[in-house]
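Chains, contacts and geometry: an overview
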Amino acid sequence: MKEKRSKRNFIKNIIYSLVMILFFVGIIVIFYSMLQKEIEENITRKCELNAVKSAEQIERYFTMGMDSISLTGYTLDNMLLDKRSNDDIRDYIVNQDISIADIIQDFEPSLYGYINGEFMTGDDWSASEDYEPTERPWYIKARSNMGRIVLVDPYEDASSDNVIITITRSLCDAKSVIALDMSIEKFQDAIMTMTEDGAIMMILDRNYTVLAHSDGNELAKNYINEEGTFGSSVVKGYRKSQDDTFFVSFDNRQYIAYGVRMENDWLCLSVMDATDHYRKLIRLMGLTAIVSMLFIFVMIADLIWSYERKSLIEELEIENENSIAANQAKSAFLANMSHEIRTPINAVIGMNEMILRESSEENITAYAENVKVASNTLLCLINDILDFSKIEADKLEIIPVDYDISSVINDIVNMINKRAEDKGLLLKLEIDRNIPKIYKGDEIRIKQVITNILTNAVKYTKEGSITFKMGFSDANWKNDSVVLNVSIADTGIGIKEEDIGKLFSKFDRIEEKKNRNIEGTGLGLSITKRLLELMGSELEVESTYGKGSKFFFNLKQTVVNWEPLGNYEEAFRQHLNSKSKYHEKFTAPTAEILLVDDNAMNLTVFKSLIKKTLIKTDTALSGDEGINLSKEKIYDVIFLDHMMPEKDGIETLREIRADEDNPNIATPIICLTANAISGAREEYIKEGFDDYLTKPIDPIKLEETLLKYLPGDRISENTVEEETVEESRESDSSAENKDDNLRVLENAGIDTEAGIRNSGGKENYMMVLGIFFESMDEKKKEIEDYLADNDIENYTIKVHALKSSLKIIGLSELGEEAQKLEDAGKSGDSGYIKENHDSLMNSFAGLKEPLSEVFGKKETAVDDRPTADEELMKEFYKEVSSAAENMDCDELE
Ligand code: ADP
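The rules behind these values
- Note that residues are indexed from 1 along each chain, following the sequence as it is written.
- Local features in a predicted model are, by the rule used here, given only for residues with pLDDT of at least 70; side-chain atom pairs are given and counted only at 80 or more, and totals for whole chains, interfaces and linings are based on all residues.
- Heavy atoms from the whole structure form the basis of all side-chain values; hydrogens and water molecules are not counted.
- Secondary structure elements are defined from DSSP: runs of H or I of at least 4 residues count as helices, runs of E of at least 2 residues count as strands, and each element is numbered from the N terminus.
- The buried label goes to any residue with under 20% of its type's maximum accessible area, the exposed label to any with over 50%, and the partly exposed label to all in between, with areas taken from a 1.4 Å probe on protein chains only.
- Pairs of residues are marked as contacts when any of their non-hydrogen atoms sit within 4.5 Å.
- Comment: axis = line fitted to C-alpha atoms, over the contacting stretch for helices; angle = value between 0 and 180 degrees taken between N-to-C directions.
- Our angle categories are set so that under 35 degrees counts as roughly parallel, over 145 as roughly antiparallel, 65 to 115 as roughly perpendicular, and the remainder as oblique.
- Each crossing is labelled by how the near helix is turned from the far one, with a counterclockwise turn of less than a right angle marking it left-handed and a clockwise turn marking it right-handed.
- We call Asp, Glu, Lys and Arg charged. Ala, Val, Leu, Ile, Met, Phe, Trp, Tyr, Cys and Pro are nonpolar, and the rest, Gly among them, are polar.
- By the convention used here, strands pair only if DSSP detects at least 2 bridges between them.
- The aromatic pairing rule takes the rings of Phe, Tyr and Trp, using the six-membered ring of Trp, and pairs them if the centres are within 6.5 Å, calling planes under 30 degrees apart stacked, those over 60 edge-to-face and the rest tilted.
- Placement of a positive charge over a ring is assigned whenever Lys NZ or Arg CZ falls within 6 Å of the ring centre and within 35 degrees of the normal to the ring plane.
- Any carboxyl oxygen of Asp or Glu within 4 Å of a side-chain nitrogen of Lys or Arg constitutes a salt bridge here.
- Exposure above 30% relative accessible area and no salt bridge define the residues that can form patches, which grow by joining like charges within 9 Å and nonpolar side chains of Val, Leu, Ile, Met, Phe, Trp and Tyr within 5 Å.
- Computed by Shrake-Rupley with a 1.4 Å probe, the accessible areas treat only the displayed protein chains as cover when residues are assessed.
- Positive residues here are Lys and Arg, negative ones are Asp and Glu, while His and the chain termini are left out of the count.
- Every charge is mapped to an atom, namely NZ of Lys, CZ of Arg, CG of Asp or CD of Glu.
- A helix's residues, less one, multiplied by 1.5 Å, set its expected span.
- Every residue carries a pLDDT, the predictor's confidence in it, which falls somewhere between 0 and 100.

The number of helices and strands found in the protein chain is 26 helices and 24 strands. Per-residue burial for the protein chain yields a buried fraction of 44% across its 893 residues. At a minimum sequence separation of 6, the contacts of the protein chain that also span at least 24 residues come to 66%.

Here it is as structure tokens:
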């Protein structure tokens, strides 16, 4: 997609560049043609000026010559009419010759004529004997144009051998002719003086014979007859052109010419050589073309380069997008896997916790302890991998909250002290007693960082001690901030100098072979380092191989309360001494909590965990059920499972919080989640939960949470702890007496082990079974009635309830049958219901006999007991019945 776009862009850019190039070329061509035109116009103007000036000059001379002949002819006509003598006429011609010479002396005029049969000249030239005037062109032309002044084409003068022209006219007697010779050489001189520099001037007669030329050698040549010469090329150009201005090419040179036709049909041409101008222009154009080409080349190169760069960037972007997508897919996969993996681990840890609590057999509890350690390790590994995936996806956020440093240290030390003790290591605490108590920061991440380093210290130390130091520096009362100085030193295996660089690379474990017995993924330190970086700190290491290591960091924190922590070590040691004396920290018999989880087993586990706190617990198997219960009374705390069908925990929370009439609008609501994926913690707090607990629920965390959120007046010290434990053991052993009953049940196909497991102990199981037995007839009747009424919807709900009951008491196969009927009800498959309903009901009814064998015995009446108050009994039965409906063993008890 992107590639196509970039190709389209590239083509667009190329077209754009071509248009630019064409534009440039166009501009250059227009500019140069304008320049050329300007040059040509300049030259043409010069040529025109030359030609017009020369033509005018020569015409003026001619006019003067013609005027002279006209005047002279007129006088002579009168003299002939007056019959004046030839001598008079000759004198007149001599005088006139002198006066004409005065006027147009440059042309060496010479007046002569053939008058009254005598050849007369104004000068002293005498003709040779063979000179016959009547045969001369001037005489013939005048005679053939009677009375008119005519011009005789240039010819060679008989007296001077010069080329001359003659203006001639016949006189009134029709035989006499007067003529005036004018020397053409003088035109030549005139042309030479008038010609601009470098111009070639020529005067041609009507036959294109040269009368005058700026090159004297050209005189008298006829350009029509002289093929291949410059002159003939000019004449050809002139004749071809319709215009006065025309162009001539000759001998690889370019000329511009201008022609003016004169009155006597002569032609005055001015020609100028424009070759040098053109060449200069071409040279300039070449230079411009080269510069433009270079410019275009640079432009195209830049275009190609930027295209390649863009393609490269796009390729990198695509790769980046792909890798982000892959990373997100990996993150999502890990998130899903986390849920999938954590759910069975929850079950393992939860059930195991119950084994630990309920079993009195030593070897079983020993196995269960091992299961506990292994499953906790497994959880830690999964959490590490998940945290890492979160870091990879850049989703790890630091969420500052107010926290008490003593609780952070407490949690860490409680956790690590046990591990250190188990390994025979001494945990030394050096906590500055002046350290401020309350801060704003990400308590959970700080705990995680210190725990990671401390766990490593324990893991990689065989003997000696671990010193956990915490002090502070840079106290700033104005800004309410301090820098916490945390260091953890051990006397362990140490790290080689060359390995220190590898410490923080993910999945890298140092000296793998040597440490293969130590659990680890190689992720802990890289997560720790990243977390510290996110909080603006840096993890530092000092280590001597074989002697020990020290990990330390300085973390700036905002102080909320400057009250000093005090002597923590002492408080901690006291706490340790008292710890061994109790299990549950408190009881809260007046406290009431609501627990919502779609999984009945989870509800049982949760309730077993807080059984000894005596807290009253209402349970709901769905969000809606939870909401309904929350409307009825105020709870001290509500625990909401996140993942529930139909209405999940977040939706349920929103509905409770949005309902102003709900008495629990302000009740603390804790999220229960198996979701340890990236961002889960942030999400829950953001959604409005007050806190959250991860599953499998850690009993200590659960107690701490309850202590934190239950109102203080509900809590009292647990003084009956040991007693309670004993009691429980007793009741377990009394349950053992019931082995006969269990055998009866097992013979009836009931998996009593599963039943006990599902109910949270033998005692509970027997109670659950009792309730089941009591309600059998009612259940059967309800189901059959709904079927008879064809009310499939309610029939399905009741079969669903029966299915859950059957599964809990250890009749999973029968439970499956009920499940199939439930499915058929949901899909409206009434055929299947009709075919299989009786079979389920028969098997169900078949249970009555063995169960009555166990529970029927109870029916023996105790007549000597006092009769109960009727109202009280009604109330009591109502409560028992509702507890039985909810399968709430505690309430029933
Ligand atoms: P792991 O899960 O392997 O412990 P970490 O990232 O926490 O992963 O630590 C990386 C490596 O650093 C460990 O494999 C170990 O070789 C070394 N290491 C960490 N802490 C210490 C320590 N206190 N003493 C000696 N080596 C340590």
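This is not the end of the story, as more comes after the structure.
Two elements in contact, helix α13 (residues 623-632) and helix α14 (residues 649-658), have axes whose closest approach is 9 Å; the angle formed by their N-to-C orientations is 25°. One finds that α13 runs roughly parallel with respect to α14. Along this stretch, α13 crosses α14, giving a crossing that reads as right-handed. Residue-level inspection shows G623, I627 and S630 of α13 in contact with α14, the latter providing T652, E655 and I656. Residues of the contact of α13 with α14, tallied by class, amount to two nonpolar, three polar and one charged.

Let's shift gears to the side chain of N145. Following the sequence through the fold, N145 ends up in the loop between α3 (137-144) and β3 (150-156). Once residues lying within four places of it in the same chain are set aside, the contact partners of N145 are V150 and S170.

The sheet built from five strands is open, its strands ordered β2-β1-β5-β4-β3 with antiparallel pairing. One side of each edge strand has no neighbouring strand; the edge strands of this open sheet are β2 (118-121) and β3. Strand-to-strand twist in this sheet, taken as the mean axis angle between neighbours without regard to direction, amounts to 25°. Here strand β4 (residues 163-170) runs beside strand β5 (residues 177-183); their pairing, made up of seven bridges, is antiparallel. Opposite R169, over in β5, you have I178 as the bridge partner. Of the strands in this sheet, β1 (110-115), β2, β3, β4 and β5 touch α3, which is tilted by about 160° from β3.

In this section: the packing of aromatic side chains. In this description, a pair of aromatic rings is defined by centroid distance and the angle of the planes. A full pass over the atoms with the stated rule returns 16 aromatic pairs. Their ring planes at 85° and their centres at 6.1 Å tell us that W138 and Y139 sit as a pair that is edge-to-face. Here W138 matches Y139 in class, with each residue buried. When the ring centre of W305 is taken as reference, the NZ or CZ atom of R309 above it lies at 4.3 Å. When the ring centre of F552 is taken as origin, the NZ or CZ atom of K550, which lies over that ring, is 5.1 Å away.

As for its placement among the helices and strands, F553 is situated in strand β17 (residues 548-564). Note: C-alpha distance between F553 and L484 (69 residues apart in sequence) is 8.2 Å.

In this structure the tally under the stated criterion is 29 salt bridges. Linking E533 and K529 is a salt bridge whose minimum nitrogen-to-oxygen distance equals 2.8 Å. Linking E533 with K529, this pair stays in helix α10 (residues 524-534), spanning four residues, or about one helical turn. For E533, a relative accessible area of 35% puts it in the partly exposed group. Put simply, D87, R90 and E118 are held in one network by salt bridges that share partners.

This brings us to a positive patch on the surface. The grouping of R8, K12, R309 and K310 at the surface amounts to a positive patch. Those elements that provide at least two residues to the positive patch are α1 (2-81) and α6 (275-358). Mapped onto the fold, K310 is located in helix α6.

The next point concerns a nonpolar patch on the surface. Judged by side-chain polarity, I11, I15 and V19 come together as a nonpolar surface patch covering roughly 280 Å² of accessible area. With relative accessibility at 48%, the residue I11 sits in the partly exposed group.

Let us now look at the packing of helix α21 (residues 792-809) against helix α22 (residues 812-827). In the contact formed by α21 and α22, the axes pass within 8 Å of each other and the chain directions differ by 160°. Here α21 is positioned roughly antiparallel relative to α22, judged by the angle of their axes. When the axes of α21 and α22 are compared, the crossing they make is left-handed. Residues I792, Y795, T796, V799, H800, K803, L806 and K807 of α21 form the contact with α22, whose own contacting residues are S812, L814, G815, E816, A818, Q819, L821, E822, G825 and K826. Its residues placed into classes, the contact of α21 with α22 shows seven nonpolar, six polar and five charged.

Spatially, the five strands line up as an open sheet ordered β7-β6-β10-β9-β8, and their pairing is antiparallel. Of all the strands in the sheet, just β7 (210-213) and β8 (245-250) have a single pairing partner and so form its edges. Shown here is a sheet whose adjacent strand axes are inclined to one another by a mean of 25°, direction ignored. Pairing geometry for strand β6 (residues 199-204) and β7, over three bridges, is antiparallel. Residue pairing for β7: I203 is matched across the bridge by A212. Lying on the sheet, helix α5 (residues 230-240) is in contact with β6, β8, β9 (253-261) and β10 (267-273); it crosses β8 at an angle near 145°.

In this model α21 runs 25 Å from its N-terminal to its C-terminal C-alpha over 18 residues, within 8% of the 26 Å that 1.5 Å per residue would give. Taken residue by residue, α21 has I792, Y795, T796, V799, L802, K803, S805, L806, I808 and I809 as its buried positions.

Turning to the pairing of β1, a few remarks are in order. Across the six residues of β1, six count as buried, placing the element largely inside the fold. The sheet contact formed by β1 and β5 spans five bridges and is antiparallel. Pairing of S110 across the sheet is with D181, part of β5. As judged from the four bridges shared by β1 and β2, these two strands associate in the antiparallel manner. Within the sheet, the bridge partner assigned to I115 lies in β2 and is E118. With antiparallel pairing between neighbouring strands as the criterion, β1 and β2 make up a hairpin whose turn holds two residues, including N116 at a positive phi of roughly 50°.

Okay, the environment of G113 next. Looking at the element boundaries, G113 is found in strand β1. For the pair G113 and W138, spaced 25 residues apart in the sequence, the C-alpha separation amounts to 9.4 Å. The residues contacting G113, other than those within four sequence positions of it, are E118, F119, M120, W138, V177, I178 and A179.

With that settled, the discussion passes to α10. Listed in full, the buried residues belonging to α10 are G524, L525, S526, I527, T528, L531 and L532. Just downstream of α10 lies G536, where phi reads positive at about 80°.

Time to look at the confidence of the model for the protein chain. A residue-level look at the protein chain finds 84% of positions with pLDDT of 70 or above and a mean pLDDT of 81. No element of the protein chain has a lower mean pLDDT than helix α17 (residues 721-736), at 39, and none a higher one than strand β15 (residues 481-490), at 95. Contacts of residues 719-738 to residues separated by more than four positions or lying in other chains number 12 contacts, the stretch itself having pLDDT below 50. In this model residues 858-865 is a low-confidence stretch, pLDDT under 50, and it forms one contact with partners more than four residues away in sequence or in other chains.

Judged by which residues are buried, strand β12 (residues 426-431) turns out to be one-sided: L427, L429 and I431 face inward and are buried, whereas L426, K428 and E430, on the alternate face, are not. In this structure, β12 lies alongside strand β14 (residues 465-476), joined through six bridges in parallel fashion. Its bridge partner being in β14, K428 is matched across the sheet by T467.

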